[in-house]
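Here are the chains, one letter per residue:
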Amino acid sequence: QVQLVESGGGLVQTGDSLRLSCAASGGTFSNYFMGWFRQAPGKEREFVAAISWSGGYTYYGDSVKGRFTISRDNAKNTVYLQMNSLKPEDTAVYYCAASKTLNTNSARAVGAYDYWGQGTQVTVSS
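Conventions and cut-offs
- Residues numbered from 1 in each chain as written.
- Predicted model: local features only at pLDDT ≥ 70, side-chain atom pairs only at ≥ 80, totals over all residues.
- Heavy atoms only, no water.
- Core = buried A, V, L, I, M, F, W, Y, C linked by side-chain atoms within 4.5 Å.
- Buried < 20%, exposed > 50% of the residue type's maximum accessible area, 1.4 Å probe, protein only.
- Helix = DSSP H or I, 4+ residues; strand = E, 2+ residues; numbered from the N terminus.
- Phe/Tyr/Trp six-rings, centres within 6.5 Å; stacked < 30°, edge-to-face > 60°.

**Q** Honestly, the nonpolar core in this entry has me stumped. Any pointers?
**A** Soluble globular proteins: nonpolar side chains tend toward being buried together. Among the nonpolar cores identified, the biggest contains 28 residues, and Met-34, Trp-36, Val-79, Leu-81, Met-83 and Tyr-94 are the most heavily contacted of them. Among the elements of the structure, strand E3 (18-25), strand E4 (33-39), strand E5 (46-51), strand E7 (68-73), strand E8 (78-83), strand E9 (92-99) and strand E11 (120-125) are those that each provide at least two residues to this core. Residues Phe-33, Phe-37, Leu-102 and Ala-112 belong to the second largest nonpolar core, which totals 10 residues.

What follows is the structure in structure tokens.
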């Protein structure tokens, strides 16, 4: 069973950049399909980005496409989310998620992921 710990969140201004990290332990990291989701107060958890086991395929939510980049370093057991041109509507708790058995057609589905981190807060001020 894999454990996930996110870091890198914080308070930034509109247009700034942040890089989130998610460190995994307790499993063979390269066996896990990884995703980032976010949840704003009063809203449902939203798909942000996902990356395949070797990093060869990436997936993005429409609201972040062109601004966010997901990557992974299997040697460091870490997945990253580089967030550029941040907007106030990006304010949310960001969660890292992992799945060992995911069907790539379900990469954007919350229910497709088995393991979740505790989340890291990102706040973008206007």
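**Q** Quick question: what am I supposed to make of the packing of aromatic side chains here?
**A** Note on aromatic pairs: each is described by the distance of the centres and the angle between the planes. For the structure shown, the criterion picks out seven aromatic pairs. Taking 5.6 Å as the distance between ring centres and 70° as the angle between the ring planes, the aromatic pair formed by Phe-37 and Phe-47 counts as edge-to-face. In this pair, Phe-37 sits in strand E4 while Phe-47 sits in strand E5, placing the two residues 10 residues apart along the sequence. According to the relative accessible area criterion, Phe-47 is buried, its value standing at 9%. Here Phe-37 and Trp-116 contribute two aromatic rings whose centre-to-centre distance is 5.1 Å and whose plane-to-plane angle is 55°, an arrangement assigned as tilted. One end of the pair, Phe-37, is in strand E4; the other, Trp-116, is in strand E10 (residues 115-116), and 79 residues separate them in sequence. Here Phe-37 falls in the buried class, since its relative accessible area comes to 0%. Among the residues examined, Trp-116 registers a relative accessible area of 26% and is labelled partly exposed.

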